[in-house]
Amino acid sequence: MNKNTPCATQFKHNKFGKYVPVCCSFKPKQNEKIWQELEWESKTKGDKIRTIVAHNEDVVKDEIVNILSKRKDIKIVAVAKNAEETYNKIVELKPEMVFSKYDFGTSMNGLDVVRKSKKILDNEVPVFNMIATDIPKDDFMEAKREIGDKMNTIIRENSEKRYNEIIEDYKEYLNEFTKL
């Protein structure tokens, strides 16, 4: 089935055999269980993008928070100072997006956060943006295999322009996704 599959209730006679396509109504601001479970209201109506910022250097972390706080479409739900705390906040708060340092200088790095998050959250894993001057190509490719396009980008420069581009690209993706 895809977006062009007709609703079975549009036909007087079932032409689909034993298995009938099911129509789900995705209407904003309704009390429909599936709409609420998927939390589509926030993904389709331009509400704020729930975000976690994670970095072990306070100056850098504060700079990122300052950049993102200027945007009306971002809600910073947590900040974290190491990989373990980042993972715990992701599982607890289920943000849409994470800006995280890749190498915290501990035994757990950004790839480990991605893996552990995917294991617990599966398809609800957030979009990851890794902050690093260098990430081993194998690690980046493995993260892509683990979570697909939700392994979004590597941030090499800490500039307001770069963060704004990432947010705008994500919003454009969401707009295209909701047109399906």
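Below: a short report on this structure. (Residues numbered from 1 in each chain as written. Predicted model: local features only at pLDDT ≥ 70, side-chain atom pairs only at ≥ 80, totals over all residues. Heavy atoms only, no water.)

On the basis of which strands lie adjacent, the open sheet formed by five strands has the order S2-S1-S3-S4-S5 and parallel pairing. Looking along the sheet, the strands with just one partner apiece sit at the ends: strand S2 (74-80) and strand S5 (151-155). Each strand axis lies, on average, 20° off the axis of its neighbour in the sheet, ignoring direction. Pairing analysis gives five bridges linking strand S3 (residues 97-101) to strand S4 (residues 127-131), with the strands arranged parallel. Residue Ser100 lies in a different strand from S4, and its bridge partner there is Met130. Packing against the sheet, helix H3 (residues 58-69) makes contact with strand S1 (49-54), S2, S3 and S4, and its axis sits at approximately 165° to S2. Sheet strands in contact with helix H4 (residues 83-93) are S1, S2, S3 and S4, and its direction is about 135° off that of S2. (Pairing = 2+ DSSP bridges. Helix = DSSP H or I, 4+ residues; strand = E, 2+ residues; numbered from the N terminus. Axes fitted to C-alpha atoms, helices over the stretch in contact; angles between N-to-C directions. Contact = heavy atoms within 4.5 Å.)

The next thing to look at is the nonpolar core. Ile90, Val113, Val114, Phe128, Met130, Ile135 and Met151 are the most contacted members of the largest nonpolar core, which totals 25 residues. Of all elements in the fold, only S1, S2, H4, helix H5 (110-121), S4, helix H6 (137-147) and S5 reach the threshold of two or more residues within this core. A per-element tally of this core places H5 first, with four residues. Non-local contacts of Val113, meaning those with residues more than four positions away in its chain, are made with Ala83, Thr86, Tyr87, Ile90, Met108 and Phe128. Counting residues in each nonpolar core, the second largest holds 17 residues, with Val53, Ile64, Leu68 and Ile74 among its members. (Core = buried A, V, L, I, M, F, W, Y, C linked by side-chain atoms within 4.5 Å. Buried < 20%, exposed > 50% of the residue type's maximum accessible area, 1.4 Å probe, protein only.)

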